[in-house]
Amino acid sequence: MLQYTSKKTDPKKNITYGNCKKESFAIFSFNPAKDYPLRVEMIGVTYPDKDYFIERKHSDYFVFEYVVSGSGYVSVGGEKFSVGEDCVYVLQPGASHRYGADRKTPYQKIWINFFSGIVADMFAAYGLSSHTVFPNSGCRKYFDELFEIAQTSPDNDECYLQVSEVIFRIIIALAQNVSKNRKASYVANAVKTKLDSSLYRKITIETIASELAISKSQMTREFKRYYGVTPYRYILDRKIAIAKRLLLTTDLKVFEISARLGFSDEYYFSDLFKEKTGVSPLAFRFGK
């Protein structure tokens with residue numbers, strides 16, 4: 001296992017590190033000519049350190065982290081979440097983010113960074129795309145397995161199938177956790193249904209609240225309790241996810257995608273897309 005030795009910023013100024021002296025990790029080798037459905041970059045463990053943090057302006061890969069003990073925070077898309085023991089947080093490719101240890105009770109965590117288009121599809125299929133933090137996850141055993149793999153065979157040719165199996169089990173566990181928490185709220189489910197049916201047209205949160213005969217604040221509170229994000233964040237995240245797919249799989253122009261998703265202003269859509277992903281729609285399409 002390797003260790004970071006000091007604070008640093010990567011040459012492209014995309015990633016800034018706090019104090020990582022108490023972090024150990026394995027860097028995985030891979031064959032660049034091989035198209036892995038899931039390719040591991042690193043697996044590691046972070047030990048308690050009040051000065052620890054990592055900030056990425058734009059992430060190209062998934063980050064799955066399990067909090068063993070202590071506490072910390074995660075900031076994504078302008079929202080900040082607290083994380084604690086038995087919590088999993090997932091940082092998806094594209095968005096900027098920052099996470100770090102609480103200064104009074106710094107966490108210990110096990111983590112994996114990996115590339116995968118399949119996992120992005122699974123997150124969407126299981127309704128997890130809008131979630132960042134999963135409390136009371138029960139996932140310690142899976143992350144222990146990942147750390148054991150890192151110590152025995154840090155080579156994608158040898159272990160990507162084994163890692164894939166563990167990652168898929170984590171996703172199923174997170175989906176079961178979310179599903180259990182959702183069942184109790186008629187309001188949250190009704191709001192989600194209305195939002196999902198409005199992906200290709202413009203709708204306001206005020207309109208939904210009026211249709212359900214509840215206050216906007218009550219509706220937002222109930223939805224966030226069960227889905228982890230506000231209704232406004234949920235609908236924007238879904239629309240951005242669709243925009244990404246359309247940019248990569250169709251020849252539709254940016255203004256056509258903007259209009260199809262119910263945005264009245266192409267420039268607002270482009271600004272929002274860049275805010276959420278770190279790149280413009282055209283840069284995303286051409287991989288710049």
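Residues numbered from 1 in each chain as written. Predicted model: local features only at pLDDT ≥ 70, side-chain atom pairs only at ≥ 80, totals over all residues. Heavy atoms only, no water.

Visitor: What's the story with the overall build of the protein in this structure? I'm lost.
Guide: Check the secondary structure of the protein and you find 10 helices and 12 strands. The C-alpha atoms of the protein give 20 Å as radius of gyration, which agrees with the globular expectation for 288 residues (19 Å, within 12%). Counting only C-alpha atoms, the protein reaches 55 × 40 × 35 Å along its principal axes. Residue burial in the protein is summarised as follows: out of 288 residues, 50% are buried. Across the protein, contacts joining residues at least 24 apart in sequence account for 71% of those joining residues at least 6 apart. (Helix = DSSP H or I, 4+ residues; strand = E, 2+ residues; numbered from the N terminus. Rg over C-alpha atoms; globule rule 2.2 N^0.38 Å. Buried < 20%, exposed > 50% of the residue type's maximum accessible area, 1.4 Å probe, protein only. Contact = heavy atoms within 4.5 Å.)

Visitor: What is the right way to look at the packing of aromatic side chains in this model?
Guide: A full pass over the atoms with the stated rule returns 15 aromatic pairs. Taking 5.4 Å as the distance between ring centres and 70 degrees as the angle between the ring planes, the aromatic pair formed by Tyr 36 and Tyr 160 counts as edge-to-face. Placement of Tyr 36 in the loop between strand E3 (23-27) and strand E4 (39-46) and of Tyr 160 in helix H3 (residues 156-182) is noted, with a sequence separation of 124 residues between them. Given a relative accessible area of 16%, Tyr 160 falls into the buried group. Each residue in the set Phe 263, Tyr 268, Phe 269, Phe 273 and Phe 284 is aromatic and connected to the rest through ring pairs, giving one cluster. The positively charged end of Lys 80 is found above the aromatic ring belonging to Tyr 73, 4.7 Å away from the centroid. Over the ring of Phe 53 we find Arg 98, and its NZ or CZ is 3.9 Å from the ring centre. (Phe/Tyr/Trp six-rings, centres within 6.5 Å; stacked < 30°, edge-to-face > 60°. Lys NZ or Arg CZ within 6 Å of the ring centre and 35° of its normal.)

Visitor: Help me understand unusual backbone geometry, please; the structure alone is not making it clear to me.
Guide: The bulk of non-glycine residues show a negative phi, and the bulk of peptide bonds are trans. Residues other than glycine seldom take positive phi values, yet Asn 136 does so here, at roughly 50 degrees. Structurally, Asn 136 can be placed in the loop between strand E12 (133-134) and helix H2 (140-152).

Visitor: Quick question: what am I supposed to make of the environment of Val 178 here?
Guide: As for its position among the elements, Val 178 is in helix H3. Distance in space between the C-alpha atoms of Val 178 and Ser 116 is 22 Å, their sequence separation being 62 residues. When residues no more than four places from it in sequence are discounted, the contact partners of Val 178 are Leu 128, His 131 and Phe 134.

Visitor: Explanation requested: the packing of helix H4 (residues 186-196) against helix H7 (residues 231-249) in the structure shown.
Guide: When two helices pack together, their arrangement is given by the angle between their axes and by how far apart the axes lie. Contact pair H4 / H7: the axes reach a minimum separation of 10 Å and the direction vectors enclose 35 degrees. For H4 against H7, the interelement crossing comes out right-handed. On H7, the residues touching Val 191, Lys 192, Leu 195 and Asp 196 of H4 are Pro 231, Tyr 234, Ile 235 and Arg 238. Residue composition of the contact of H4 with H7, by class: five nonpolar, no polar and three charged. (Axes fitted to C-alpha atoms, helices over the stretch in contact; angles between N-to-C directions. Left-handed = near helix turned anticlockwise from the far one by under 90°. Nonpolar A, V, L, I, M, F, W, Y, C, P; charged D, E, K, R; others polar.)

Visitor: Got a minute to help me understand the pattern of salt bridges in this structure?
Guide: A side chain with one charge may pair with a side chain of the opposite charge, provided their charged atoms come close. In total, this model carries 15 salt bridges according to the counting rule given. Among the salt bridges present, the one from Arg 98 reaches Glu 55, with a minimum N-O distance of 3.0 Å. Within this pair, whereas Arg 98 is found in strand E10 (residues 97-101), its partner Glu 55 is found in strand E5 (residues 53-56), the two being separated by 43 residues in sequence. Given the relative accessible area of 33%, Glu 55 is considered partly exposed. Residue Glu 206 pairs with Lys 216 through a salt bridge whose shortest N-O separation is 2.9 Å. Of this pair, Glu 206 sits in helix H5 (residues 205-212) while Lys 216 sits in helix H6 (residues 216-227), and the two are 10 residues apart along the sequence. Given the relative accessible area of 41%, Lys 216 is considered partly exposed. Connected via shared salt-bridge partners are Glu 79, Lys 224, Arg 233, Asp 237 and Lys 276. (Salt bridge = Lys/Arg side-chain N within 4 Å of Asp/Glu carboxyl O.)

Visitor: Please explain the sheet that holds E5 as it appears in this structure.
Guide: The strands making up a sheet are joined through hydrogen bonds of the backbone, oriented either antiparallel or parallel. Pairing is antiparallel across the open sheet formed by five strands, whose spatial order is E2-E5-E10-E7-E8. Every other strand in the sheet has two partners, leaving strand E2 (15-17) and strand E8 (79-84) as the edge strands with one partner each. Taken over all neighbouring pairs, the strand axes of this sheet differ in orientation by 10 degrees on average, direction set aside. With five bridges connecting them, strand E7 (residues 71-76) and E10 associate as antiparallel partners. (Pairing = 2+ DSSP bridges.)

Visitor: Explain the environment of Phe 28 to me, please; I cannot follow it from the model alone.
Guide: Assignment of secondary structure puts Phe 28 in the loop between E3 and E4. For the pair formed by Phe 28 and Asp 155, sequence separation is 127 residues and the distance between their alpha carbons is 5.1 Å. Aside from chain neighbours lying at most four places away, what touches Phe 28 is Val 40, Glu 41, Met 42, Ile 43, Ala 150, Ser 153, Pro 154, Asp 155, Asn 156 and Cys 159.

Visitor: Would you mind showing me how to read the pairing of strand E11 (residues 108-115) here?
Guide: Within a regular strand, side chains alternate between the sheet's two faces. By the criterion of burial, E11 is predominantly enclosed, with six of the eight residues buried. Pairing of E4 with E11 involves seven bridges; the strand directions are antiparallel. In the strand pairing of E11, Thr 46 is matched with Lys 109. Sheet topology places strand E6 (residues 62-69) next to E11; seven bridges connect them, and they run antiparallel.

That's the geometry; what it means functionally is another story.
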